[in-house]
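# Residue-level structural notes
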There are 2 protein chains.
Amino acid sequence: LDTAPRLVIIGGAEDRTGECVILRKFVSLAGGAAARIVVLPAASEIASQLGVEYSELFRSFGAQHVEALAIETREAAKDTAAIALVSGASGLFLTGGDQLRLMNLLGGTQLDVEIHRRSAQGMVVGGTSAGAAVMSATMIVDGHSDAPRLGTVQTGPGLELIRGVIIDQHFAQRGRIGRLLSVVALFPHELGIGIDEDTALVVESNVGVVLGRGAVTVLDAGEATTNEAVDVRSGEGITLSGVRLHSLPAGRRFDFSQRALV
Amino acid sequence: LDTAPRLVIIGGAEDRTGECVILRKFVSLAGGAAARIVVLPAASEIASQLGVEYSELFRSFGAQHVEALAIETREAAKDTAAIALVSGASGLFLTGGDQLRLMNLLGGTQLDVEIHRRSAQGMVVGGTSAGAAVMSATMIVDGHSDAPRLGTVQTGPGLELIRGVIIDQHFAQRGRIGRLLSVVALFPHELGIGIDEDTALVVESNVGVVLGRGAVTVLDAGEATTNEAVDVRSGEGITLSGVRLHSLPAGRRFDFSQRALV
(Lines give C-alpha, C1' and ligand atoms only; values in the text may rest on other atoms or scores of the structure.)
Protein backbone atom coordinates (compact mmCIF):
# COMPACT_ATOMS: atom_id res chain seq x y z
CA LEU A 1 0.00 0.00 0.00
CA ASP A 2 1.40 3.39 -0.98
CA THR A 3 1.63 5.97 1.73
CA ALA A 4 2.13 9.73 1.45
CA PRO A 5 5.85 10.52 1.32
CA ARG A 6 7.78 11.19 4.52
CA LEU A 7 10.30 13.89 3.78
CA VAL A 8 12.72 16.15 5.62
CA ILE A 9 13.29 18.99 3.16
CA ILE A 10 16.15 21.20 4.32
CA GLY A 11 16.99 24.67 2.97
CA GLY A 12 20.76 24.11 3.15
CA ALA A 13 23.41 25.09 5.71
CA GLU A 14 21.70 23.13 8.48
CA ASP A 15 23.36 23.08 11.89
CA ARG A 16 25.89 20.23 12.02
CA THR A 17 27.89 21.29 15.07
CA GLY A 18 25.35 22.46 17.65
CA GLU A 19 22.07 20.87 18.68
CA CYS A 20 21.51 19.61 15.13
CA VAL A 21 17.74 19.76 15.60
CA ILE A 22 16.98 19.05 11.95
CA LEU A 23 19.42 16.20 11.33
CA ARG A 24 18.43 14.55 14.62
CA LYS A 25 14.79 14.77 13.53
CA PHE A 26 15.67 12.93 10.32
CA VAL A 27 17.35 10.12 12.29
CA SER A 28 14.47 9.94 14.73
CA LEU A 29 11.88 9.69 11.92
CA ALA A 30 13.98 6.97 10.29
CA GLY A 31 13.79 4.90 13.47
CA GLY A 32 16.44 6.29 15.83
CA ALA A 33 18.85 3.65 17.07
CA ALA A 34 17.12 1.04 14.92
CA ALA A 35 17.25 3.22 11.78
CA ARG A 36 18.95 1.89 8.67
CA ILE A 37 20.26 5.00 6.97
CA VAL A 38 21.80 5.42 3.53
CA VAL A 39 23.65 8.64 2.74
CA LEU A 40 23.63 9.46 -0.97
CA PRO A 41 26.12 12.28 -1.67
CA ALA A 42 25.95 11.93 -5.47
CA ALA A 43 24.94 15.57 -5.99
CA SER A 44 28.32 16.69 -4.70
CA GLU A 45 31.76 16.85 -6.24
CA ILE A 46 33.18 16.13 -2.80
CA ALA A 47 30.88 13.13 -2.42
CA SER A 48 33.16 10.88 -0.39
CA GLN A 49 33.92 13.64 2.11
CA LEU A 50 30.22 14.47 2.60
CA GLY A 51 29.39 10.76 2.77
CA VAL A 52 31.78 10.30 5.67
CA GLU A 53 30.72 13.51 7.40
CA TYR A 54 26.97 12.83 7.40
CA SER A 55 27.49 9.15 8.26
CA GLU A 56 29.52 10.08 11.33
CA LEU A 57 26.94 12.64 12.38
CA PHE A 58 24.04 10.21 12.06
CA ARG A 59 25.98 7.59 14.03
CA SER A 60 26.74 10.18 16.71
CA PHE A 61 22.97 10.65 17.08
CA GLY A 62 22.65 6.96 17.90
CA ALA A 63 21.82 5.41 14.53
CA GLN A 64 23.64 2.08 14.44
CA HIS A 65 23.31 1.27 10.75
CA VAL A 66 24.55 4.05 8.49
CA GLU A 67 26.16 3.57 5.08
CA ALA A 68 27.35 6.10 2.53
CA LEU A 69 26.56 5.07 -1.02
CA ALA A 70 29.08 6.19 -3.65
CA ILE A 71 27.43 6.68 -7.04
CA GLU A 72 29.89 8.23 -9.44
CA THR A 73 28.59 6.79 -12.70
CA ARG A 74 25.20 5.72 -14.02
CA GLU A 75 26.60 2.19 -14.09
CA ALA A 76 27.06 2.32 -10.32
CA ALA A 77 23.34 3.09 -9.99
CA LYS A 78 22.60 -0.38 -11.38
CA ASP A 79 24.78 -2.15 -8.84
CA THR A 80 22.75 -4.78 -7.01
CA ALA A 81 24.53 -4.16 -3.70
CA ALA A 82 23.63 -0.47 -3.93
CA ILE A 83 20.02 -1.33 -4.68
CA ALA A 84 19.91 -3.82 -1.82
CA LEU A 85 21.16 -1.13 0.53
CA VAL A 86 18.22 1.14 -0.37
CA SER A 87 15.82 -1.82 -0.24
CA GLY A 88 16.69 -2.30 3.41
CA ALA A 89 16.84 1.38 4.33
CA SER A 90 14.42 3.18 6.62
CA GLY A 91 16.02 6.53 5.79
CA LEU A 92 17.77 8.00 2.75
CA PHE A 93 19.71 11.26 2.95
CA LEU A 94 20.53 13.36 -0.13
CA THR A 95 23.37 15.83 0.42
CA GLY A 96 23.84 19.19 -1.22
CA GLY A 97 25.73 19.80 -4.43
CA ASP A 98 24.30 20.23 -7.91
CA GLN A 99 20.76 19.01 -8.48
CA LEU A 100 21.41 18.38 -12.16
CA ARG A 101 24.43 16.22 -11.34
CA LEU A 102 22.28 14.09 -9.03
CA MET A 103 19.54 13.68 -11.62
CA ASN A 104 22.07 12.90 -14.36
CA LEU A 105 23.60 10.11 -12.28
CA LEU A 106 20.40 8.73 -10.82
CA GLY A 107 17.50 9.54 -13.14
CA GLY A 108 15.69 6.47 -14.48
CA THR A 109 18.17 3.98 -13.05
CA GLN A 110 17.13 0.94 -11.03
CA LEU A 111 18.34 2.75 -7.94
CA ASP A 112 15.96 5.60 -8.75
CA VAL A 113 13.10 3.11 -9.15
CA GLU A 114 14.03 1.48 -5.83
CA ILE A 115 14.11 4.85 -4.03
CA HIS A 116 10.57 5.54 -5.24
CA ARG A 117 9.39 2.07 -4.26
CA ARG A 118 10.80 2.43 -0.75
CA SER A 119 9.54 6.02 -0.39
CA ALA A 120 6.03 4.78 -1.22
CA GLN A 121 6.47 2.17 1.52
CA GLY A 122 7.35 4.80 4.13
CA MET A 123 11.13 5.21 3.91
CA VAL A 124 12.00 8.71 5.11
CA VAL A 125 13.89 10.81 2.55
CA GLY A 126 15.92 13.74 3.84
CA GLY A 127 17.69 16.21 1.61
CA THR A 128 19.50 19.49 1.97
CA SER A 129 20.07 22.25 -0.59
CA ALA A 130 20.33 20.46 -3.97
CA GLY A 131 19.06 17.35 -2.18
CA ALA A 132 15.95 19.34 -1.24
CA ALA A 133 15.44 20.92 -4.67
CA VAL A 134 15.33 17.53 -6.43
CA MET A 135 12.41 16.25 -4.36
CA SER A 136 9.67 18.00 -6.31
CA ALA A 137 8.28 16.92 -9.68
CA THR A 138 9.52 20.11 -11.26
CA MET A 139 12.77 21.37 -9.83
CA ILE A 140 14.57 24.65 -10.21
CA VAL A 141 17.83 23.87 -11.97
CA ASP A 142 19.41 27.27 -12.09
CA GLY A 143 18.75 30.89 -12.61
CA HIS A 144 18.79 34.13 -10.75
CA SER A 145 16.09 36.68 -10.92
CA ASP A 146 15.98 39.89 -8.95
CA ALA A 147 12.50 40.68 -10.14
CA PRO A 148 10.20 38.04 -11.65
CA ARG A 149 11.21 37.86 -15.29
CA LEU A 150 10.37 35.39 -18.02
CA GLY A 151 13.08 33.01 -19.17
CA THR A 152 15.58 33.71 -16.40
CA VAL A 153 14.92 30.57 -14.36
CA GLN A 154 15.52 27.08 -15.72
CA THR A 155 13.40 24.23 -14.45
CA GLY A 156 13.54 20.52 -15.17
CA PRO A 157 12.03 17.30 -13.97
CA GLY A 158 12.97 16.34 -10.41
CA LEU A 159 12.79 13.11 -8.44
CA GLU A 160 9.05 13.63 -8.04
CA LEU A 161 8.93 12.39 -4.46
CA ILE A 162 6.32 15.04 -3.63
CA ARG A 163 3.63 16.44 -5.90
CA GLY A 164 2.12 19.86 -6.23
CA VAL A 165 5.08 21.87 -4.97
CA ILE A 166 8.27 23.43 -6.27
CA ILE A 167 11.02 23.75 -3.72
CA ASP A 168 13.62 26.48 -3.49
CA GLN A 169 16.34 26.58 -0.85
CA HIS A 170 18.77 29.10 0.74
CA PHE A 171 15.63 31.17 0.33
CA ALA A 172 16.01 34.33 2.44
CA GLN A 173 19.79 34.18 2.43
CA ARG A 174 20.04 34.34 -1.37
CA GLY A 175 17.01 36.61 -1.86
CA ARG A 176 15.18 34.08 -4.03
CA ILE A 177 11.62 35.38 -3.85
CA GLY A 178 11.83 36.78 -7.39
CA ARG A 179 13.09 33.47 -8.73
CA LEU A 180 10.33 31.46 -7.05
CA LEU A 181 7.68 33.96 -8.17
CA SER A 182 8.96 33.56 -11.75
CA VAL A 183 8.35 29.82 -11.46
CA VAL A 184 4.88 29.92 -9.86
CA ALA A 185 3.85 32.43 -12.52
CA LEU A 186 4.62 29.70 -15.05
CA PHE A 187 3.11 26.89 -12.98
CA PRO A 188 0.36 28.46 -10.82
CA HIS A 189 -1.05 25.05 -9.90
CA GLU A 190 2.14 24.29 -7.96
CA LEU A 191 2.83 25.80 -4.55
CA GLY A 192 6.21 27.51 -4.36
CA ILE A 193 8.01 26.45 -1.19
CA GLY A 194 10.98 28.61 -0.18
CA ILE A 195 13.04 27.14 2.64
CA ASP A 196 15.56 29.25 4.55
CA GLU A 197 18.96 27.97 5.61
CA ASP A 198 19.09 25.84 8.77
CA THR A 199 15.36 25.34 8.36
CA ALA A 200 13.39 22.30 7.28
CA LEU A 201 9.93 21.31 6.24
CA VAL A 202 9.10 17.90 7.69
CA VAL A 203 6.39 16.35 5.54
CA GLU A 204 4.11 13.51 6.64
CA SER A 205 0.55 12.77 5.47
CA ASN A 206 0.54 15.82 3.17
CA VAL A 207 1.16 18.17 6.06
CA GLY A 208 4.46 20.00 6.48
CA VAL A 209 5.81 21.13 9.84
CA VAL A 210 8.51 23.79 10.02
CA LEU A 211 11.65 23.05 11.99
CA GLY A 212 14.79 25.13 12.59
CA ARG A 213 15.98 28.68 12.76
CA GLY A 214 14.35 30.41 9.80
CA ALA A 215 11.05 30.39 7.99
CA VAL A 216 9.35 28.48 5.23
CA THR A 217 7.67 30.77 2.72
CA VAL A 218 4.74 29.36 0.74
CA LEU A 219 3.73 31.15 -2.47
CA ASP A 220 0.29 30.23 -3.78
CA ALA A 221 -0.43 31.74 -7.19
CA GLY A 222 -3.58 29.66 -7.57
CA GLU A 223 -5.85 32.67 -7.54
CA ALA A 224 -3.36 35.22 -8.76
CA THR A 225 -3.60 36.98 -12.06
CA THR A 226 -0.48 36.99 -14.18
CA ASN A 227 0.43 38.20 -17.62
CA GLU A 228 2.89 35.35 -18.07
CA ALA A 229 2.72 33.42 -21.34
CA VAL A 230 0.07 35.84 -22.55
CA ASP A 231 1.93 38.98 -23.40
CA VAL A 232 5.41 38.64 -21.94
CA ARG A 233 8.50 38.10 -24.05
CA SER A 234 11.62 36.44 -22.72
CA GLY A 235 13.51 38.72 -20.36
CA GLU A 236 10.52 40.94 -19.72
CA GLY A 237 9.02 41.47 -16.31
CA ILE A 238 6.22 39.22 -15.17
CA THR A 239 3.22 40.78 -13.47
CA LEU A 240 1.74 38.83 -10.60
CA SER A 241 -1.22 40.14 -8.65
CA GLY A 242 -2.86 38.47 -5.69
CA VAL A 243 -0.33 35.76 -4.86
CA ARG A 244 -1.12 34.38 -1.39
CA LEU A 245 1.99 34.34 0.76
CA HIS A 246 2.46 32.42 3.99
CA SER A 247 5.55 32.92 6.14
CA LEU A 248 5.91 30.13 8.67
CA PRO A 249 8.40 29.91 11.54
CA ALA A 250 9.29 26.76 13.49
CA GLY A 251 6.33 24.79 14.79
CA ARG A 252 3.82 25.90 12.14
CA ARG A 253 1.96 23.27 10.10
CA PHE A 254 0.86 23.71 6.51
CA ASP A 255 -1.61 21.45 4.72
CA PHE A 256 -0.61 21.11 1.06
CA SER A 257 -3.88 19.64 -0.12
CA GLN A 258 -5.87 22.44 1.54
CA ARG A 259 -3.20 25.02 0.60
CA ALA A 260 -3.67 26.44 4.10
CA LEU A 261 -2.11 26.86 7.51
CA VAL A 262 -3.36 24.17 9.90
CA LEU B 1 -6.67 73.18 -2.31
CA ASP B 2 -4.69 70.13 -1.26
CA THR B 3 -3.92 67.62 -3.95
CA ALA B 4 -2.78 64.02 -3.61
CA PRO B 5 1.01 63.90 -3.41
CA ARG B 6 3.08 63.58 -6.56
CA LEU B 7 6.04 61.38 -5.77
CA VAL B 8 8.87 59.60 -7.57
CA ILE B 9 9.89 56.91 -5.08
CA ILE B 10 13.12 55.25 -6.19
CA GLY B 11 14.56 52.01 -4.80
CA GLY B 12 18.17 53.24 -4.93
CA ALA B 13 20.99 52.75 -7.44
CA GLU B 14 19.00 54.37 -10.25
CA ASP B 15 20.67 54.72 -13.62
CA ARG B 16 22.66 57.98 -13.73
CA THR B 17 24.87 57.32 -16.74
CA GLY B 18 22.64 55.71 -19.39
CA GLU B 19 19.13 56.66 -20.46
CA CYS B 20 18.30 57.81 -16.91
CA VAL B 21 14.62 56.98 -17.45
CA ILE B 22 13.69 57.52 -13.82
CA LEU B 23 15.54 60.78 -13.17
CA ARG B 24 14.34 62.21 -16.48
CA LYS B 25 10.78 61.35 -15.44
CA PHE B 26 11.26 63.31 -12.23
CA VAL B 27 12.42 66.37 -14.18
CA SER B 28 9.61 66.02 -16.66
CA LEU B 29 6.97 65.83 -13.90
CA ALA B 30 8.52 68.87 -12.24
CA GLY B 31 8.01 70.88 -15.43
CA GLY B 32 10.89 69.98 -17.75
CA ALA B 33 12.83 73.03 -18.95
CA ALA B 34 10.62 75.29 -16.83
CA ALA B 35 11.09 73.15 -13.68
CA ARG B 36 12.47 74.76 -10.55
CA ILE B 37 14.28 71.93 -8.82
CA VAL B 38 15.81 71.81 -5.36
CA VAL B 39 18.20 68.96 -4.53
CA LEU B 40 18.27 68.15 -0.81
CA PRO B 41 21.21 65.84 -0.08
CA ALA B 42 20.92 66.16 3.73
CA ALA B 43 20.57 62.39 4.24
CA SER B 44 24.11 61.89 3.00
CA GLU B 45 27.49 62.37 4.62
CA ILE B 46 28.80 63.34 1.19
CA ALA B 47 26.02 65.87 0.77
CA SER B 48 27.89 68.50 -1.22
CA GLN B 49 29.18 65.92 -3.70
CA LEU B 50 25.71 64.44 -4.25
CA GLY B 51 24.22 67.92 -4.44
CA VAL B 52 26.55 68.81 -7.32
CA GLU B 53 26.11 65.46 -9.06
CA TYR B 54 22.29 65.47 -9.13
CA SER B 55 22.15 69.16 -9.98
CA GLU B 56 24.38 68.64 -13.00
CA LEU B 57 22.31 65.64 -14.10
CA PHE B 58 19.01 67.50 -13.85
CA ARG B 59 20.50 70.43 -15.77
CA SER B 60 21.75 68.03 -18.44
CA PHE B 61 18.12 66.87 -18.88
CA GLY B 62 17.16 70.45 -19.71
CA ALA B 63 16.01 71.83 -16.36
CA GLN B 64 17.20 75.42 -16.24
CA HIS B 65 16.67 76.17 -12.55
CA VAL B 66 18.35 73.66 -10.28
CA GLU B 67 19.79 74.42 -6.85
CA ALA B 68 21.37 72.14 -4.26
CA LEU B 69 20.35 73.01 -0.72
CA ALA B 70 22.99 72.35 1.95
CA ILE B 71 21.40 71.59 5.32
CA GLU B 72 24.06 70.51 7.75
CA THR B 73 22.46 71.70 11.00
CA ARG B 74 18.90 72.13 12.26
CA GLU B 75 19.64 75.88 12.35
CA ALA B 76 20.18 75.82 8.58
CA ALA B 77 16.67 74.40 8.19
CA LYS B 78 15.30 77.68 9.58
CA ASP B 79 17.16 79.81 7.03
CA THR B 80 14.72 82.05 5.17
CA ALA B 81 16.64 81.75 1.89
CA ALA B 82 16.42 77.96 2.12
CA ILE B 83 12.69 78.13 2.81
CA ALA B 84 12.18 80.58 -0.06
CA LEU B 85 13.94 78.15 -2.40
CA VAL B 86 11.44 75.38 -1.54
CA SER B 87 8.53 77.85 -1.72
CA GLY B 88 9.39 78.48 -5.34
CA ALA B 89 10.21 74.88 -6.25
CA SER B 90 8.21 72.68 -8.58
CA GLY B 91 10.36 69.65 -7.71
CA LEU B 92 12.31 68.53 -4.62
CA PHE B 93 14.80 65.67 -4.79
CA LEU B 94 15.94 63.76 -1.69
CA THR B 95 19.19 61.86 -2.19
CA GLY B 96 20.24 58.63 -0.54
CA GLY B 97 22.15 58.38 2.71
CA ASP B 98 20.75 57.70 6.16
CA GLN B 99 17.03 58.25 6.67
CA LEU B 100 17.50 58.98 10.37
CA ARG B 101 20.08 61.67 9.59
CA LEU B 102 17.64 63.37 7.23
CA MET B 103 14.82 63.29 9.79
CA ASN B 104 17.12 64.50 12.56
CA LEU B 105 18.16 67.52 10.51
CA LEU B 106 14.79 68.30 8.98
CA GLY B 107 12.03 66.99 11.25
CA GLY B 108 9.69 69.66 12.57
CA THR B 109 11.68 72.59 11.15
CA GLN B 110 10.15 75.39 9.12
CA LEU B 111 11.73 73.82 6.04
CA ASP B 112 9.88 70.57 6.83
CA VAL B 113 6.60 72.53 7.17
CA GLU B 114 7.28 74.27 3.85
CA ILE B 115 8.01 70.99 2.07
CA HIS B 116 4.62 69.66 3.22
CA ARG B 117 2.85 72.86 2.20
CA ARG B 118 4.37 72.76 -1.27
CA SER B 119 3.78 69.01 -1.65
CA ALA B 120 0.10 69.58 -0.89
CA GLN B 121 0.11 72.23 -3.65
CA GLY B 122 1.50 69.81 -6.22
CA MET B 123 5.30 70.09 -5.93
CA VAL B 124 6.81 66.78 -7.09
CA VAL B 125 8.99 65.07 -4.50
CA GLY B 126 11.53 62.55 -5.75
CA GLY B 127 13.68 60.44 -3.46
CA THR B 128 16.07 57.56 -3.80
CA SER B 129 17.08 54.95 -1.22
CA ALA B 130 16.96 56.75 2.16
CA GLY B 131 15.18 59.58 0.34
CA ALA B 132 12.49 57.07 -0.64
CA ALA B 133 12.22 55.42 2.78
CA VAL B 134 11.46 58.72 4.53
CA MET B 135 8.39 59.43 2.40
CA SER B 136 5.99 57.24 4.33
CA ALA B 137 4.39 58.06 7.68
CA THR B 138 6.14 55.12 9.28
CA MET B 139 9.58 54.48 7.89
CA ILE B 140 11.94 51.58 8.32
CA VAL B 141 14.97 52.94 10.13
CA ASP B 142 17.14 49.90 10.29
CA GLY B 143 17.14 46.20 10.81
CA HIS B 144 17.81 43.03 8.99
CA SER B 145 15.63 40.03 9.12
CA ASP B 146 16.11 36.85 7.16
CA ALA B 147 12.80 35.44 8.28
CA PRO B 148 10.04 37.61 9.75
CA ARG B 149 10.93 37.96 13.39
CA LEU B 150 9.62 40.25 16.10
CA GLY B 151 11.84 43.09 17.29
CA THR B 152 14.46 42.85 14.57
CA VAL B 153 13.29 45.82 12.51
CA GLN B 154 13.23 49.37 13.86
CA THR B 155 10.65 51.79 12.53
CA GLY B 156 10.10 55.45 13.25
CA PRO B 157 8.03 58.37 12.00
CA GLY B 158 8.86 59.46 8.47
CA LEU B 159 8.13 62.61 6.48
CA GLU B 160 4.55 61.43 6.01
CA LEU B 161 4.27 62.61 2.44
CA ILE B 162 2.20 59.53 1.58
CA ARG B 163 -0.22 57.67 3.83
CA GLY B 164 -1.10 54.03 4.14
CA VAL B 165 2.20 52.60 2.91
CA ILE B 166 5.60 51.64 4.28
CA ILE B 167 8.41 51.82 1.77
CA ASP B 168 11.47 49.60 1.61
CA GLN B 169 14.21 49.99 -1.00
CA HIS B 170 17.08 47.96 -2.53
CA PHE B 171 14.36 45.35 -2.16
CA ALA B 172 15.35 42.33 -4.25
CA GLN B 173 19.04 43.17 -4.18
CA ARG B 174 19.25 43.06 -0.38
CA GLY B 175 16.67 40.26 0.06
CA ARG B 176 14.38 42.41 2.20
CA ILE B 177 11.10 40.50 1.96
CA GLY B 178 11.51 39.16 5.52
CA ARG B 179 12.11 42.64 6.86
CA LEU B 180 9.07 44.12 5.11
CA LEU B 181 6.89 41.18 6.20
CA SER B 182 8.01 41.80 9.79
CA VAL B 183 6.75 45.37 9.48
CA VAL B 184 3.39 44.65 7.82
CA ALA B 185 2.77 42.00 10.48
CA LEU B 186 2.99 44.82 13.02
CA PHE B 187 1.04 47.31 10.90
CA PRO B 188 -1.34 45.27 8.71
CA HIS B 189 -3.34 48.37 7.76
CA GLU B 190 -0.29 49.69 5.87
CA LEU B 191 0.71 48.34 2.47
CA GLY B 192 4.34 47.24 2.35
CA ILE B 193 5.98 48.62 -0.80
CA GLY B 194 9.32 47.02 -1.74
CA ILE B 195 11.12 48.86 -4.55
CA ASP B 196 14.02 47.24 -6.40
CA GLU B 197 17.14 49.11 -7.39
CA ASP B 198 16.93 51.23 -10.57
CA THR B 199 13.16 51.05 -10.22
CA ALA B 200 10.65 53.67 -9.18
CA LEU B 201 7.06 54.03 -8.22
CA VAL B 202 5.67 57.23 -9.69
CA VAL B 203 2.67 58.27 -7.58
CA GLU B 204 -0.05 60.64 -8.74
CA SER B 205 -3.70 60.73 -7.62
CA ASN B 206 -3.21 57.74 -5.29
CA VAL B 207 -2.13 55.53 -8.19
CA GLY B 208 1.44 54.33 -8.55
CA VAL B 209 3.05 53.47 -11.88
CA VAL B 210 6.19 51.33 -12.02
CA LEU B 211 9.18 52.63 -13.94
CA GLY B 212 12.64 51.14 -14.45
CA ARG B 213 14.49 47.88 -14.61
CA GLY B 214 13.14 45.87 -11.64
CA ALA B 215 9.85 45.30 -9.91
CA VAL B 216 7.78 46.87 -7.19
CA THR B 217 6.50 44.32 -4.70
CA VAL B 218 3.33 45.17 -2.78
CA LEU B 219 2.59 43.22 0.41
CA ASP B 220 -0.97 43.52 1.68
CA ALA B 221 -1.45 41.90 5.08
CA GLY B 222 -4.94 43.39 5.42
CA GLU B 223 -6.63 40.03 5.33
CA ALA B 224 -3.74 37.94 6.60
CA THR B 225 -3.73 36.17 9.90
CA THR B 226 -0.69 36.71 12.06
CA ASN B 227 0.36 35.70 15.52
CA GLU B 228 2.27 38.96 15.98
CA ALA B 229 1.72 40.84 19.25
CA VAL B 230 -0.48 38.00 20.40
CA ASP B 231 1.88 35.23 21.29
CA VAL B 232 5.28 36.15 19.92
CA ARG B 233 8.18 37.24 22.09
CA SER B 234 10.98 39.44 20.80
CA GLY B 235 13.29 37.55 18.48
CA GLU B 236 10.77 34.81 17.80
CA GLY B 237 9.44 34.02 14.38
CA ILE B 238 6.29 35.73 13.18
CA THR B 239 3.65 33.64 11.43
CA LEU B 240 1.89 35.30 8.52
CA SER B 241 -0.76 33.49 6.54
CA GLY B 242 -2.61 34.85 3.54
CA VAL B 243 -0.60 37.96 2.75
CA ARG B 244 -1.55 39.18 -0.73
CA LEU B 245 1.53 39.78 -2.84
CA HIS B 246 1.71 41.75 -6.06
CA SER B 247 4.87 41.83 -8.16
CA LEU B 248 4.76 44.64 -10.68
CA PRO B 249 7.22 45.32 -13.51
CA ALA B 250 7.54 48.57 -15.45
CA GLY B 251 4.31 49.97 -16.80
CA ARG B 252 2.00 48.43 -14.20
CA ARG B 253 -0.34 50.67 -12.21
CA PHE B 254 -1.41 50.03 -8.64
CA ASP B 255 -4.28 51.81 -6.89
CA PHE B 256 -3.41 52.31 -3.21
CA SER B 257 -6.92 53.20 -2.09
CA GLN B 258 -8.34 50.07 -3.78
CA ARG B 259 -5.27 48.02 -2.78
CA ALA B 260 -5.41 46.52 -6.28
CA LEU B 261 -3.75 46.40 -9.67
CA VAL B 262 -5.42 48.81 -12.09
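This structure is a prediction, so every number in the text was calculated from the model and none was measured.

Superposition record for chain A on chain B: RMSD 0.0 Å, screw rotation 180°, translation along axis 0.0 Å. Put plainly, the chains are arranged around a two-fold axis. Ranked by how close their C-alpha atoms come to the rotation axis, the residues of chain A are headed by Gly175 of chain A, at 2.1 Å. Comparing interface residues between copies, 100% of those in chain A also lie at the interface in chain B; the contact surface is shared.

Right, let's get into the packing of aromatic side chains. Residues and elements named next belong to chain B. In the structure shown here, the tally under the stated rule is 12 aromatic pairs over all chains. With centroids separated by 5.4 Å and ring planes inclined at 65°, the aromatic side chains of Phe26 and Phe93 adopt a geometry described as edge-to-face. Taken together, the residues span a long stretch of sequence, with Phe26 in helix α1 (residues 21–30) and Phe93 in strand β4 (residues 91–94) at a distance of 67 residues. The class of Phe26 is buried, set by a relative accessible area of 0%.

One side chain can pair with another of opposite charge once the charged atoms of both are near each other. All names here are of chain A. Under the criterion given, the structure shown has 18 salt bridges over all chains. The residue Asp220 makes a salt bridge to Arg259 at a minimum N-O spacing of 2.9 Å. With a gap of 39 residues between them, Asp220 in strand β12 (residues 216–220) and Arg259 in the loop between β15 (253–255) and β16 (260–261) connect regions that are remote in the sequence. A residue is classified by how much of its surface remains accessible, and Arg259, at 25% relative accessible area, is partly exposed. Linked through salt bridges whose partners overlap, the residues forming this network are Glu14, Arg16 and Glu53.

Let's shift gears to unusual backbone geometry. One can expect most non-glycine residues to show negative phi and most peptide bonds to be in trans. At His170 of chain A, a residue that is not glycine, the phi angle is positive and equals roughly 50°. Note on placement: His170 of chain A falls in the loop between β8 (165–169) and α7 (177–186). Here His170 of chain A falls in the buried class, since its relative accessible area comes to 7%. For Asn206 of chain B, which is not glycine, the phi torsion reads 65° and is therefore positive. Residue Asn206 of chain B is classed as partly exposed on the basis of its relative accessible area, which comes to 39%.

With that out of the way, let us pick up the sheet that holds β4 of chain B. Residues and elements named next belong to chain B. Read across the sheet, nine strands follow the order β3-β2-β4-β5-β1-β10-β11-β15-β16 without closing on themselves; strand pairing throughout is mixed. Strand pairing shows two members of the sheet lacking a second neighbour, β3 (65–68) and β16 (260–261), which therefore form its edges. Two strands pair when backbone bridges link them, and strand β1 (residues 6–10) and strand β5 (residues 124–128) are joined in this way by five bridges, in the parallel orientation. Counterpart to Ile10 in the pairing with β5 is Thr128. Those strands touched by helix α2 (residues 47–60) are β2 (36–40), β3, β4 and β5, and its axis lies near 175° from that of β3.

Next up on the list: the confidence of the model for chain A. Put simply, chain A has an average pLDDT of 93, and 96% of its residues get 70 or more. Confidence estimates for the predicted assembly give a pTM of 0.90 and an ipTM of 0.84.

The subject of this paragraph is the sheet that holds strand β3 (residues 65–68) of chain A. All names here are of chain A. Taken in spatial order, the nine strands of this open sheet run β3-β2-β4-β5-β1-β10-β11-β15-β16, and their pairing is mixed. With one partner strand each, in any of the chains shown, β3 and β16 form the two edges of the open sheet. Of the strand pairs in this sheet, strand β2 (residues 36–40) and β3 are connected by four bridges, and their pairing is parallel. Considered in β3, the bridge of Ile37 is made with Val66. Packed onto the sheet, helix α1 (residues 21–30) meets β1 (6–10), β2, β4 (91–94), β5 (124–128), β10 (199–204) and β11 (207–212) and runs at close to 165° relative to β1.

The biggest cluster of nonpolar side chains holds 45 residues, and the ones touching the most others in it are Leu40, Ile71, Leu111, Ile115, Ile167 and Ile193 of chain A. Of the residues forming this core, the biggest block, four residues, is contributed by helix α4 (residues 99–106) of chain A. If you look at the next biggest cluster of nonpolar residues, it comprises 44 residues, including Ala42, Met139, Val165 and Leu191 of chain B.

Cut-offs used in this document
Residues numbered from 1 in each chain as written. Chains lettered and ligands numbered in written order. Predicted model: local features only at pLDDT ≥ 70, side-chain atom pairs only at ≥ 80, totals over all residues. Heavy atoms only, no water. Least-squares fit on C-alpha atoms with pLDDT ≥ 70 in both. Contact = heavy atoms within 4.5 Å. Phe/Tyr/Trp six-rings, centres within 6.5 Å; stacked < 30°, edge-to-face > 60°. Helix = DSSP H or I, 4+ residues; strand = E, 2+ residues; numbered from the N terminus. Buried < 20%, exposed > 50% of the residue type's maximum accessible area, 1.4 Å probe, protein only. Salt bridge = Lys/Arg side-chain N within 4 Å of Asp/Glu carboxyl O. Pairing = 2+ DSSP bridges. Axes fitted to C-alpha atoms, helices over the stretch in contact; angles between N-to-C directions. pLDDT = per-residue confidence, 0-100. Core = buried A, V, L, I, M, F, W, Y, C linked by side-chain atoms within 4.5 Å.

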